[in-house]
Amino acid sequence: MKRFLLVLAALVAFGLSAGAQRQSVMYGSLGVAHRWGLTTSSNAGPNVALGFRNYNRDAIVSFTYGAELLGYWIPENAGNLFGVYAIPQLGVAIGPSGFKVYPHTGFMMGYGSDYNTFGTGIKSGLAFDFGSHITLDFSSYYTFNNAWTSALNFIWRF
């Protein structure tokens, strides 16, 4: 147990010590959003996001912060739903510089047409970074008016 704690402490220290090498990485994404609980046959549609993540790309463990602007549209036969949300996020990027696993979470604020009102919620996600530019992101969005949306996004990091 002592060895495990020492290794964990060393990884965290290594991740934090490289703070001078942090950088903001901009990204854009395109994906598919799926709304859970709709009674119509088509409950999926496109979503797009723009955002940034501030972290150290070369550290084994790097704590991150960032923000995202998310927009989605569910087609007309599902009620023509759309939403636009701003999402400040926190996460941790784990892995070598060529491949990272990135669990992240954030607080959502924005507008959803399903309730025609300003709404808040939470986002949780797990992303996989490949190389310097490509990310595959699986995220779920929950608005506090009991609406679940999940998304699979292809992200291009600049």
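Reading the values: the criteria
Residues numbered from 1 in each chain as written. Predicted model: local features only at pLDDT ≥ 70, side-chain atom pairs only at ≥ 80, totals over all residues. Heavy atoms only, no water. Core = buried A, V, L, I, M, F, W, Y, C linked by side-chain atoms within 4.5 Å. Buried < 20%, exposed > 50% of the residue type's maximum accessible area, 1.4 Å probe, protein only. Helix = DSSP H or I, 4+ residues; strand = E, 2+ residues; numbered from the N terminus. Contact = heavy atoms within 4.5 Å. Salt bridge = Lys/Arg side-chain N within 4 Å of Asp/Glu carboxyl O. Polar contact = N/O pair within 3.5 Å; in protein donor to acceptor, adjacent residues only side chain to side chain. Phe/Tyr/Trp six-rings, centres within 6.5 Å; stacked < 30°, edge-to-face > 60°. Lys NZ or Arg CZ within 6 Å of the ring centre and 35° of its normal. Pairing = 2+ DSSP bridges. Axes fitted to C-alpha atoms, helices over the stretch in contact; angles between N-to-C directions. Patch = residues over 30% accessible without salt bridge, like charges linked within 9 Å, V, L, I, M, F, W, Y side chains within 5 Å. Areas by Shrake-Rupley, 256 points an atom, 1.4 Å probe, with all protein chains shown as cover.

Caption draft 1: Seen up close, the nonpolar core. Ala33, Ala49, Leu70, Tyr72, Ile74, Leu81, Tyr85, Ile87, Met108, Tyr141 and Ala151 form the largest nonpolar core, which has eleven residues in total. Secondary-structure elements contributing two or more residues to this core are strand E3 (61–74) and strand E4 (81–94). If sequence neighbours within four positions are ignored, isoleucine 87 has contacts with Gly66, Ala67, Glu68, Leu70, Gly106, Phe107, Met108, Lys123 and Tyr141. Membership of the second largest hydrophobic core comes to five residues, among which are Val25, Ala93, Tyr102 and Ala127.

Caption draft 2: Spatial organisation of the pattern of salt bridges. What the rule picks out here adds up to three salt bridges. Between aspartate 129 and arginine 157 there is a salt bridge, with the nearest N and O atoms lying 3.9 Å from each other. Of this pair, aspartate 129 sits in strand E6 (residues 117–130) while arginine 157 sits in strand E8 (residues 147–157), and the two are 28 residues apart along the sequence. Side by side, aspartate 129 and arginine 157 carry an identical accessibility label, which is buried.

Caption draft 3: How the structure looks around the side chain of asparagine 56. In this fold, asparagine 56 is placed in the loop between strand E2 (44–55) and E3. Looking at asparagine 56, the relative accessible area reads 1%, which means it is buried. Polar side-chain contacts of asparagine 56 include one of 2.9 Å to the backbone nitrogen of aspartate 58.

Caption draft 4: Focus on the packing of aromatic side chains. Tallied over the full model, the rule gives seven aromatic pairs. With 6.3 Å between their ring centres and 75 degrees between their planes, phenylalanine 128 and phenylalanine 138 make a pair best called edge-to-face. With phenylalanine 128 in strand E6 and phenylalanine 138 in strand E7 (residues 134–143), the pair connects residues that are ten residues apart, well separated along the chain. Of the residues examined, phenylalanine 128 reaches a relative accessible area of 23% and is grouped as partly exposed. Exposure remark for phenylalanine 138: the relative accessible area of 41% places this residue in the partly exposed category. Connected via pairs of aromatic rings, a cluster forms that spans Phe99, Phe128, Phe130 and Phe138. The aromatic ring of tyrosine 55 is capped on one face by arginine 53, whose charged end is 5.0 Å from the ring centroid.

Caption draft 5: Highlighting the sheet that holds E8. Ordered in space as E1-E2-E3-E4-E5-E6-E7-E8, the eight strands form a closed barrel in which the pairing is antiparallel. Direction aside, neighbouring strands of the sheet carry axes that sit 25 degrees apart on average. Two elements, E3 and E4, share 14 bridges in a ladder whose sense is antiparallel. When the bridges of E4 are listed, tryptophan 73 appears paired with phenylalanine 82.

Caption draft 6: Broad picture of the pairing of E4. Examined bridge by bridge, E4 and strand E5 (residues 99–112) share eight bridges and lie antiparallel to one another. When the sheet's bridge partners are listed, glycine 91 is paired in E5 with histidine 104. Between the end of E4 and the start of E5, which pair antiparallel, lie four residues, with glycine 95 showing a positive phi angle near 135 degrees.

Caption draft 7: Layout of a nonpolar patch on the surface. On the surface, Met26, Phe99, Phe130, Ile134, Leu136, Phe138, Leu152, Phe154, Trp156 and Phe158 cluster together to form a nonpolar patch covering roughly 950 Å² of accessible area. Breaking the nonpolar patch down by element, the ones donating at least two residues are E7 and E8. The residue tryptophan 156 is located in strand E8 in this model.

Caption draft 8: A look at the environment of arginine 35. On the secondary structure map, arginine 35 appears in strand E1 (residues 23–35). With relative accessibility at 5%, the residue arginine 35 sits in the buried group. Separated by 113 residues in the primary sequence, arginine 35 and tryptophan 148 have C-alpha atoms spaced 6.1 Å apart. If sequence neighbours within four positions are ignored, arginine 35 has contacts with Asn43, Tyr72, Ile74, Leu81, Asp114, Ala147, Trp148 and Thr149. Engagement of the side chain of arginine 35 in a polar contact is seen with the side chain of tyrosine 72, the distance being 2.6 Å. Within the structure, arginine 35 has its side chain in polar contact with the side chain of threonine 149 (distance 2.8 Å).

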